Amino acid sequence: MSRLTAFTMPKWGIEMTEGVVAEWMVAEGQAYARGDVLTLVESDKISNEIEAETPGVMCKLVATPGETYPVGALLAVIGDEAAPGEEVEAFVSAFKPAGAAGEVAIQQTAPAPAASSQPTAKAQPAPVSATPPPGLAISTAAWKRSQELGVDVASLRGSERKGRISLQDVEQAARPARAVGGGQPVSIALSTTHLDVFFATPLAKRLAVIHGVDLAKVKATGSRGRISKADVLGLVERAVPAARPARPPGVDVEVVPMSMMRKAIARQLTLSKTTIPHFYLRMSVRIDALQAMRQRARESVGQAPSVNDYLVRACALALAANPDVNVQVHGDAIHRFRHADISVAVATDKGLVTPVVTAAETKSVAKISAEIAELAKRAREGKLKAEEFQGGSFSLSNLGMFGIDQFDAIINPPQGAILAVGAAQRRPVESEYTLSFATMVQLSLSCDHRAIDGAVGAKFMAELKRLVEAPELLVGG
Amino acid sequence: MAQLTIREVINQVLHAEMERDSNLIMLGEDIVGGAGTAGGQEAIGGIWGTSTGLYDKFGAGRVIDTPISEATIIGTAAGAALAGKRAIAEIMFADFVGVCMDQIYNQVAKFRYMFGGHSTCPIVIRMAYGAGLNAAAQHSQAVYPLFTSIPGIKVVMPTTAADAKGLLTQAIRDDDPVIFLEGKMLYGVKGEVPDGEYLLPFGQARLAREGSDVSIVTCGQMVMFAEAAADAMAKDGISCDVIDIRTSSPMDEEAILDSVENTGRLVVVDESPPRCSLATDIAGLVASRAFSSLKAPIEMVTAPHTPIPFARELERAYLPNPTSIEAAARRTLGYR
């Protein structure tokens, strides 16, 4: 008995749904050899001759030349030898197109469209059937899909064990390649490493950085007591409504345009606080000996320099010993100063001014005191010359006279550091296993980390403390 | 074809293989077991009743009661196997395997590799595993994830009487070390068993039910629950593939992937706790190799990440069951 095979409309590429049989090259009943052209099929893109894969006999021509047939439709019945008419008719009536379940073998002989951009299109005519050919490692579903999509499985490398081809492999192969990467370099440096001490989700940490939320203040409600995204956003969202109702100008609100000076302060300090990586070193220094020295001065000469004057002198000497703190930061360059030019913050009616005591390490406390008094007086009168409040390698800001315990100052750019001085306070201190009282001042040094590392700033502070607590070292100059 | 329980099948295979191969020895705790009892040496025949009659037939030289030392059992079996014997070692409860873990995972599993392929270690380590008998946390564990993770040993767990015959015979004749896991709940399960010689190759899953809506992949004691769930759903017009993987190492990945490519939905049922388990292993395989076929997230029905409770009701709640499996399958079907 002859083995009959269906000759069906091939599928060349994903988009092909139907084709036209242009012409039959063999007649019904005619035998042909392998490689003989059987027919010419046209899709809307190309036309191609279809060659016989194996020798055989054209048992029946089903398709009419010039007519359009869907992919998988029966075009002809071929056999390995001539077959009786009724057998062929039975085959034709039993035929079900590809995709429908059935035992019918589907034969497609489909040369690739030569100009196809589809990498998956058939490169060579290949005989195909509803079941995978023996020896080809492919799942049944993948084989079926490869027929529908026109994927040449011979060129595929399967992702399953031992290269077996999965449905996923076939479907991926049928899709156009997708470009991956290729843009500008991006930064993937972690911004949250410093928050790793907190038990928080990575997203919560990222949000904390973005919104400037202090994780120490966040109440954790996430799983296992972890700080979650919601915990951080909860604080952010609470802050928003507080800022929202900006009261409209009117009777209760007076609108005052910023003065030039105010604008300059605003600009400088916004630049500083938003672009300079500040860090803060806080320290208490004992000034009992300094106070005693001032008391002796008052007793002998009737007056004494202020604590602040002494601190300026102490800073100048500590800067001389730690030149890495006596700097300005200009872009990628650090300007190291030979002298300690100390800007002293002075509050005036119009705002903050910072006259400079130049080369303070060369001046006695008395001279520093006199200079600051003179500069402050002229600052309040608005009579400072530009060179008297510009420059400076270091700043000192003292709010002790207002009873402020401690504060952190914003760096006065381009300077590298600023010292914030709080009020002198009597504090209980432990000494020799007994409790006594000491007069303490809280100092806070704000440093620009671009130029000054923690240890460098700390050494400066240690020297400052040594000098202030042994004030005889401040005498002379 | 005979109707036999898995317990009887194991006993028959042991008899047949001991008969067939005089080089084969057996050893374990109380596999003879009657010494000092009124019933005589052979009174017990193993606490599971799987080694009955062997001592009488093959004698003390081939059926060896050991001291209560699992390290001794496996060490002796491994040494005998290296020296040319074949050995069947029994660890009474799989949970006791901790004390012979070096022998198993660092010696037996590595011999062939360490000796450049010049040695084999043909031993079968039989052990009863699994929950369901109120044996509490130290006598109920499903240990197969532990062994499946070790390259160099094969891991087998039959669920039907016929499979018990085919897989145990194959295990004994296999030249590599095989962990043969016998589900405690399954010893009494009866089924048709082929007569005569019957071997089943490893790494070939059994399709216990055939359907097109959901793939339920499972093994060992959970297969019967998965079948019950699938049968219940079949009444509602939902058809499930139930795949009994039979051997977790080697595992029939192709059977699993083929099924998921067909159904698009996967429920993995695993008696062990969920972390680093067979459930996550199979879910991982399907997620990476059949991602495009999935129509719903993979469902894993497992024991919780806790020790196995002793109380009957708690143990029942601990294990996957037909209801929880069906619920998971329906979740995959209801996924939008």
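All figures in this text were calculated on a predicted structure; none of them were measured in a lab.

As for the interface of chain B and chain A
It is common to give the size of an interface as the accessible area lost on bringing the parts into contact. Tallying the contact residues gives 11 residues for chain B and 12 residues for chain A. Examining the composition of the side of chain B that touches chain A, we find that 6 residues originate from one element, helix α9 (residues 253-263) of chain B, more than from any other. Its residues placed into classes, the side of chain B that touches chain A shows 3 nonpolar, 3 polar and 5 charged.

Notes on helix α8 (residues 222-234) of chain B
With 13 residues, α8(B) should reach 18 Å at 1.5 Å per residue; the first-to-last C-alpha distance of 18 Å fits that figure. Among the structural elements, β9 (206-209), β10 (214-218), β11 (240-244), β13 (266-270) and α12 (322-334) of chain B are those in contact with the buried residues of α8(B).

Description of the pairing of strand β8 (residues 74-79) of chain A
All names here are of chain A. Most of β8 sits inside the fold, with 6 of its 6 residues counted as buried. Across 5 bridges, strand β1 (residues 4-8) lies against β8 in antiparallel orientation. The residue bridging T5 from the neighbouring strand is I78, located in β8. The sheet contact formed by strand β6 (residues 56-61) and β8 spans 4 bridges and is antiparallel. Bridging from a neighbouring strand, M58 pairs with I78 of β8.

Quick notes on the packing of helix α2 (residues 140-149) of chain A against α9(B)
In the contact formed by α2(A) and α9(B), the axes pass within 8 Å of each other and the chain directions differ by 50°. If you check the angle between α2(A) and α9(B), you find them oblique. Contacts from T140(A), A141(A) and A142(A) of α2(A) reach α9(B) at D258(B), E261(B) and N262(B). Here the contact of α2(A) with α9(B) is composed, by residue class, of 2 nonpolar, 2 polar and 2 charged.

Some remarks on the sheet that holds β11(B)
Residue and element names in this part refer to chain B. Pairing in this open sheet of 5 strands is mixed, and the strands run β9-β11-β10-β13-β14 from one edge to the other. A strand with exactly one partner marks an edge of an open sheet, and here the two such strands are β9 and β14 (299-302). For this sheet, the mean angle separating the axes of adjacent strands, direction not counted, is 25°.

Topic: unusual backbone geometry
Backbone torsion omega between P413(A) and P414(A) reads 5°, so that peptide bond is classified as cis. Relative to the helices and strands, P414(A) is located in the loop between β17 (394-398) and β18 (417-421). Cis peptide bonds are those with omega within 30 degrees of zero, and the linkage from S249(B) to P250(B) qualifies with 0°. Turning to its location among the elements, P250(B) is positioned in the loop between β12 (247-249) and α9. The backbone phi angle of K162(A) is positive, close to 55°, even though this residue is not glycine. Residue placement: K162(A) occurs in the loop between α2 and α3 (167-174). With phi around 50°, C276(B) is a residue other than glycine that occupies positive phi space. With respect to the helices and strands, C276(B) occurs in the loop between β13 and α10 (278-289). What makes C276(B) partly exposed here is the crowd of 13 C-beta atoms within 10 Å.

Conventions we followed
- Just so you know, the residues in each chain are numbered from 1, in the order the chain's sequence is written.
- Numbering of ligands from 1 and lettering of chains from A proceed in the order in which they are written.
- This being a predicted model, a pLDDT of at least 70 is required before a residue's local features are given, and a value of 80 or more before pairs of side-chain atoms are given or counted; all residues contribute to the totals for chains, interfaces and linings.
- What counts as a contact is two residues whose backbone-derived C-beta atoms lie within 7 Å of each other.
- The secondary structure listing takes helices from DSSP runs of H or I that are at least 4 residues long and strands from runs of E that are at least 2 residues long, numbered from the N terminus.
- The classification used treats Ala, Val, Leu, Ile, Met, Phe, Trp, Tyr, Cys and Pro as nonpolar, Asp, Glu, Lys and Arg as charged, and all other residues, Gly among them, as polar.
- Helix span, expected: 1.5 Å multiplied by one less than the number of residues in the helix.
- Three classes are used. A residue is buried when 20 or more other C-beta atoms lie within 10 Å of its own, exposed when 12 or fewer do, and partly exposed in between, with C-beta atoms placed from the backbone.
- Should DSSP find at least two bridges between two strands, the strands are regarded as paired.
- Helix axes are fitted only over the stretch in contact, all axes being lines through C-alpha atoms; the angle between N-to-C directions runs from 0 to 180 degrees.
- Roughly parallel means an angle under 35 degrees; roughly antiparallel means over 145; roughly perpendicular covers 65 to 115; every other angle is labelled oblique.

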